[in-house]
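Survey of secondary and tertiary structure
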Amino acid sequence: MSLFEKSIKSKNQQIFSPLLEQKNIELFIKREDLIHPFVSGNKFRKLKYNIQKAKKEGFETILTFGGAYSNHIVATAVASSIAGLKSIGVIRGEELANDINKTLSNNYSLKIADKHKMLFHFISRTDFKKKTNFNFIERLKKQYGDFYLVPEGGTNSLAIQGCEEILENEDTKFDYICCSVGTGGTISGIINSAQTHQKIIGFPALKGDFLNKEIEKLIQKSKQSWRLETNYHFGGYAKHEEKLIQFINNFNQQHKILLDPIYTGKMVYGILDLIEKGYFAKKSRILAIHTGGIQGIQGFNKKLINKNKTPIQF
Ligand SMILES: *Cc1c(COP(=O)(O)O)cnc(C)c1O
């Protein structure tokens, strides 16, 4: 059976620490990162029903958009190849096309996508902003033939349907569900499938306040209680703080769970910081979703090493 027809259940791993004991709080991490090395975590959930639909409707090719280090690009390339589909990645940064061998040897993410036969279409940052225009898409169809389109970041209604399968029956015992937020697709699926007694907290990886409205649009109208905790973006995608890297390395040493520096590292840092500040009541049970993203570490480390900073150990 293909990966995309399976229903996958990830284990919840309990975290033990003096802080959690002292505050009398239970913290579990749902290991969605273990689903697949490259189609990991929420990217598997988001692609599952899109891949199924593309196959059912007889498409041969998936086309999507992303930055040069994007987890979504890598996941789409590998997922398509597993499903027997071709893939095209429209990548931000036309300069990357100048010397493709150099680009691939410098960029682990694109190298993996290339290995899985993704065809790259590099465009300028200006053109990238126009990528959802009708004319732009039509031109791509003229050039490459018909394709099944998955938006940047992978968020559409089928992606949300896939993310509604992250929570399991046994997870109803948790009071809080925490997840990292990029486009808001993943948290929307979680909000839709959570119980009414559960509170959902999203940790945006980026600054900006467009997300609340975006998520309102994506979720079904519900009485579900959710909020975004916007203090833990650490300055944005490419930027970082040494504090975060140190935290990721310590956390991995103590708990044998590798977190990524763009999404899940910030979320777990945020959860532990909130616990320390007394945000959660005693006896709270928290479930944090490890949405994956581990493939991005090599590219991130390369930049850290270039700046003479300590890399993430794994
Ligand atoms: C893409 C990604 C997210 C963000 O998911 P959205 O559905 O866009 O909010 C979170 N965590 C990881 C590891 C990701 O790769």
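Scroll up to find the structure.
Residues numbered from 1 in each chain as written. Predicted model: local features only at pLDDT ≥ 70, side-chain atom pairs only at ≥ 80, totals over all residues. Heavy atoms only, no water.

Moving on, we come to the overall build of the chain. Broken down by element type, the chain carries 13 helices and 10 strands. Against the compact-globule benchmark of 20 Å for 314 residues, the chain has a radius of gyration of 19 Å, which places it among compact chains. Its C-alpha atoms give the chain principal-axis dimensions of roughly 60 × 45 × 40 Å. Residue burial in the chain is summarised as follows: out of 314 residues, 56% are buried. For the chain, long-range pairs separated by at least 24 residues make up 74% of all intrachain contacts whose partners lie at least 6 apart in sequence. When the accessible surface of the chain is split by element, carbon and sulfur atoms take 48% of a total near 15,000 Å². (Helix = DSSP H or I, 4+ residues; strand = E, 2+ residues; numbered from the N terminus. Rg over C-alpha atoms; globule rule 2.2 N^0.38 Å. Buried < 20%, exposed > 50% of the residue type's maximum accessible area, 1.4 Å probe, protein only. Contact = heavy atoms within 4.5 Å. Areas by Shrake-Rupley, 256 points an atom, 1.4 Å probe, with all protein chains shown as cover.)

Phe251, Ile271, Ile275 and Ile286 are the most contacted members of the largest nonpolar core, which totals 37 residues. Of the residues forming this core, the biggest block, seven residues, is contributed by helix H12 (residues 264-276). In contact with Ile271, other than residues within four places in its own chain, are Leu27, Cys178, Phe203, Phe280, Ile286 and Ala288. Counting residues in hydrophobic clusters, the runner-up holds 22 residues, among them Ile8, Ile35, Ile51 and Ala75. (Core = buried A, V, L, I, M, F, W, Y, C linked by side-chain atoms within 4.5 Å.)

Bringing the site of the ligand into the picture now. For the ligand, the set of nearby residues contains 15 residues, the closest of which are Lys43, Lys46, Thr183, Thr186 and Thr291. In the model, an oxygen atom of the ligand is placed 2.7 Å from a nitrogen or oxygen of the Gly182 main chain. One of the side-chain N or O atoms of Thr186 is found 2.7 Å from an oxygen atom in the ligand. Burial of the ligand by the protein amounts to 98% of the accessible area it has alone, namely 390 Å². For the shell around the ligand, the secondary-structure elements that each account for two or more residues are helix H2 (41-56), strand S7 (176-181) and helix H9 (185-193). Take the shell around the ligand: its biggest share by element is three residues, from H2. Tallied by class, the residues present in the shell around the ligand amount to two nonpolar, 11 polar and two charged. (Near = heavy atom within 4 Å. Polar contact = N/O pair within 3.5 Å; in protein donor to acceptor, adjacent residues only side chain to side chain. Nonpolar A, V, L, I, M, F, W, Y, C, P; charged D, E, K, R; others polar.)

Below, the discussion takes up the side chain of Ser70. Tracing the sequence through the fold places Ser70 in the loop between strand S3 (61-66) and helix H3 (71-83). A polar side-chain atom of Ser70 sits 3.0 Å from the main-chain amide nitrogen of His72.

With mixed pairing, six strands are arranged side by side in an open sheet as S1-S2-S10-S7-S8-S9. Where the open sheet ends on each side, the last strands, each with one partner, are strand S1 (12-15) and strand S9 (225-228). Adjacent strand axes in the sheet meet at a mean angle of 25 degrees when their direction is disregarded. Sheet analysis places strand S2 (residues 26-30) next to strand S10 (residues 285-289), joined by five bridges and oriented parallel. The partner of Phe28 across the bridge, within S10, is Leu287. Contacts from helix H10 (residues 211-218) reach S7, strand S8 (199-204) and S9, with the element oriented near 150 degrees to S9. (Pairing = 2+ DSSP bridges. Axes fitted to C-alpha atoms, helices over the stretch in contact; angles between N-to-C directions.)

Moving on: the pairing of strand S4 (residues 86-92). Across the seven residues of S4, five count as buried, placing the element largely inside the fold. Relative to S4, S3 is paired through six bridges, and the arrangement is parallel. The partner of Thr61 across the bridge, within S4, is Lys86. Taken together, S3, H3 and S4 constitute a β-α-β crossover, and its handedness is right-handed. One ladder, built from five bridges, connects S4 with strand S5 (residues 119-123); its direction is parallel. Paired with Val90 across the two strands is His121, which belongs to S5. (Right-handed = clockwise from strand over helix to strand, strands pointing away.)

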